[in-house]
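Here are the chains, one letter per residue:
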Amino acid sequence: MQSKSSKSICEKTISLARNVAQSLPRPLRTGLQRILSPQYRAEREDARKLESLRSLPRFVGGQIRLEGREWAYADARSFYYAYRAIYKKECFAVRLTKQQPRILDGGAHVGMASRYWKERMPEAEISAIEADANLVPLLRKNLENLQQPPVEVIHGALWKDTKGVEFFAQGADAGFVVQEGEERHAKTVKVPSVTLEEWVGECSVDLLKLDIEGAELEVLRHGITALSWVDRIFVEYHSRVGKPQELADLLGWLRDAGFRVWIESEFTARQPFVRQPVSHGMDLQLNISGIKEDLL
């Protein structure tokens with residue numbers, strides 16, 4: 001049992017600490033209060049757990065809890081970079097006035113973008129397509145228990161036709177459709193395919209995301225008419241080594257469909273006249289976002 005003298009000392013110490021804190025300049029006082037808060041400690045712990053993913057071995061699945069969310073992942077490093085981009089930098093932030101917008105997530109990976117949108121727009125109708133059969137169960141798990149209507153999950157690859165494709169299942173976020181003339185890898189499997197026109201249908205799309213590792217050119221080339229139904233688009237453009245760069249064609253299709261675009265470099269040569277680095281068979285990767293001119 002605490003004695004009267006020790007209790008008195010404790011009360012005096014607390015009183016002194018409060019007086020010292022109150023005497024600090026307001027910015028310092030606010031900073032001190034934040035550092036001592038449970039929320040700050042929780043944020044620091046989440047940051048520590050997120051950073052720890054970078055040191056884990058590649059292509060080994062696992063689970064993690066971040067900011068109150070449970071996640072299943074196939075590859076720690078790709079999950080780390082996706083989480084930073086989507087949840088920390090909010091690269092897919094969008095302002096929509098519709099209560100029930102329609103969003104199509106092409107190349108959904110483990111469902112991070114779809115979940116980000118669903119948490120912010122609970123009544124959104126979202127369809128997510130992923131070609132890697134090993135990722136689809138994780139995609140479903142990460143999207144379960146969200147508000148109705150549920151996110152539609154499709155196992156398949158976006159492509160120029162519905163005849164099916166050969167797909168290299170990399171095991172993380174860089175699997176790709178093996179196109180004509182490309183080497184067939186040991187992890188290549190047959191996957192059903194869906195065209196953009198079939199997926200979009202004749203219904204308006206508030207946001208279309210295409211992160212399909214090099215298939216975007218063929219998909220858009222054969223699905224240009226579908227863009228008339230799309231208000232906003234995100235395309236990750238991939239320039240593959242040894243193949244013609246068709247960036248001008250892609251930008252032309254978006255321009256002709258009525259989009260105004262913004263471009264951010266995801267991977268590029270910093271000194272292209274000195275060296276041309278390659279990543280996953282690509283020498284350039286761009287994030288292209290577009291909004292129909294009449295919506296601006």
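Refer to the structure above for everything that follows.
Reference entry: report on the structure contained in this document. (Residues numbered from 1 in each chain as written. Predicted model: local features only at pLDDT ≥ 70, side-chain atom pairs only at ≥ 80, totals over all residues. Heavy atoms only, no water.)

So, on to the overall build of the protein. Each helix and strand in the protein was counted, giving 9 helices and 14 strands. A total of 296 residues make up the protein; the buried ones form 43% of that total. Taking contacts inside the protein between residues at least 6 apart in sequence as the whole, the part at least 24 apart equals 66%. Here the protein displays about 16,800 Å² of accessible surface, and carbon together with sulfur accounts for 52% of that area. (Helix = DSSP H or I, 4+ residues; strand = E, 2+ residues; numbered from the N terminus. Buried < 20%, exposed > 50% of the residue type's maximum accessible area, 1.4 Å probe, protein only. Contact = heavy atoms within 4.5 Å. Areas by Shrake-Rupley, 256 points an atom, 1.4 Å probe, with all protein chains shown as cover.)

Glancing now at the nonpolar core. In this structure, Leu196, Trp199, Leu208, Leu220, Leu227, Ile233 and Leu250 are the most contacted members of the largest nonpolar core, which totals 38 residues. Counting only elements with at least two residues in this core, the list comes to strand 6 (157-158), strand 7 (165-168), helix 7 (196-200), strand 11 (207-210), helix 8 (216-221), strand 12 (232-240), helix 9 (247-256) and strand 14 (282-292). Those residues in contact with Leu220 that sit more than four places away from it in its chain are Leu196, Leu210, Leu227, Val235, Leu250 and Trp253. In terms of nonpolar packing, the next biggest core, distinct from the first, is built from 36 residues, Tyr83, Trp117, Val151 and Phe234 among them. (Core = buried A, V, L, I, M, F, W, Y, C linked by side-chain atoms within 4.5 Å.)

The next thing to look at is the pattern of salt bridges. Side chains that differ in sign of charge can pair as their charged atoms come close. Tallied over the entire structure, the rule returns 18 salt bridges. Among the salt bridges present, the one from Asp46 reaches Lys49, with a minimum N-O distance of 3.9 Å. You can see Asp46 and its partner Lys49 sitting in helix 3 (residues 38-52), 3 residues apart, about one turn around the helix. Take Lys49: its relative accessible area is 22%, and that puts it in the partly exposed class. Two residues, Arg69 and Glu67, come together in a salt bridge whose shortest N-O distance is 3.6 Å. Overlapping salt bridges, with partners in common, bring together Glu67, Arg69, Lys88, Glu90, Arg115, Glu119 and Arg120 in one network. (Salt bridge = Lys/Arg side-chain N within 4 Å of Asp/Glu carboxyl O.)

All right, on to the packing of aromatic side chains then. Under the counting rule described, the total for this entry stands at 11 aromatic pairs. Taken together, a centroid distance of 6.2 Å and an interplanar angle of 90° make the contact between Trp71 and Tyr83 edge-to-face. Taken together, the residues span a long stretch of sequence, with Trp71 in strand 2 (residues 69-73) and Tyr83 in helix 4 (residues 76-88) at a distance of 12 residues. Relative accessible area serves as the criterion here: at 1%, Tyr83 is assigned to the buried category. Considering the side-chain rings of Phe92 and Trp117, the 5.4 Å spacing of their centres and the 50° angle between planes classify their relative orientation as tilted. Linking Phe92 in the loop between helix 4 and strand 3 (102-106) with Trp117 in helix 5 (residues 112-120), this pair joins segments that are 25 residues apart in sequence. (Phe/Tyr/Trp six-rings, centres within 6.5 Å; stacked < 30°, edge-to-face > 60°.)

The pairing of strands in a sheet happens through backbone hydrogen bonds and is either parallel or antiparallel. The 7 strands are arranged 5-4-3-11-12-14-13 in an open sheet whose pairing can be described as mixed. Looking at strand neighbours, the two that pair on one side only are strand 5 (152-155) and strand 13 (259-267), the edges of this open sheet. Ignoring strand direction, the axes of neighbouring strands in this sheet form an average angle of 15°. When strand 12 meets strand 14, the two strands line up antiparallel, connected through 9 bridges. Across the sheet, the residue bridging to His238 is Gln285, located in strand 14. (Pairing = 2+ DSSP bridges. Axes fitted to C-alpha atoms, helices over the stretch in contact; angles between N-to-C directions.)

A word on the sheet that holds strand 7. The strand order 8-7-9 describes an open sheet built from 3 strands, whose pairing is antiparallel. In this open sheet, the two strands that pair with only one neighbour each are strand 8 (176-177) and strand 9 (188-191). Note: strand 7 against strand 8, 2 bridges, orientation antiparallel. Considered in strand 8, the bridge of Phe167 is made with Val177.

Where helix 4 meets helix 5, the closest approach of the two axes is 10 Å, and the angle between their N-to-C directions is 30°. Taken as axis vectors, helix 4 and helix 5 run roughly parallel relative to one another. As helix 4 packs across helix 5, the resulting crossing turns out to be right-handed. Of the residues in helix 5, those in contact with Phe79, Ala82, Tyr83, Ile86 and Tyr87 of helix 4 are Met112, Ala113, Arg115, Tyr116, Glu119 and Arg120. (Parallel < 35°, antiparallel > 145°, perpendicular 65-115°, else oblique. Left-handed = near helix turned anticlockwise from the far one by under 90°.)

Attention shifts here to the side chain of Asp211. Following the sequence through the fold, Asp211 ends up in the loop between strand 11 and helix 8. Not counting residues up to four positions away in its chain, the partners in contact with Asp211 are Gly106, Gly107, Glu236 and His238.

Of the positions making up helix 6 (residues 136-143), those classed as buried are Val136, Leu138, Leu139, Asn142 and Leu143. Around the axis of helix 6, the buried residues are gathered within 160° of arc, so they sit on the same side. Among the structural elements, strand 2, helix 5, strand 4 (125-130) and strand 5 are those in contact with the buried residues of helix 6. (Arc of directions from axis to C-beta.)

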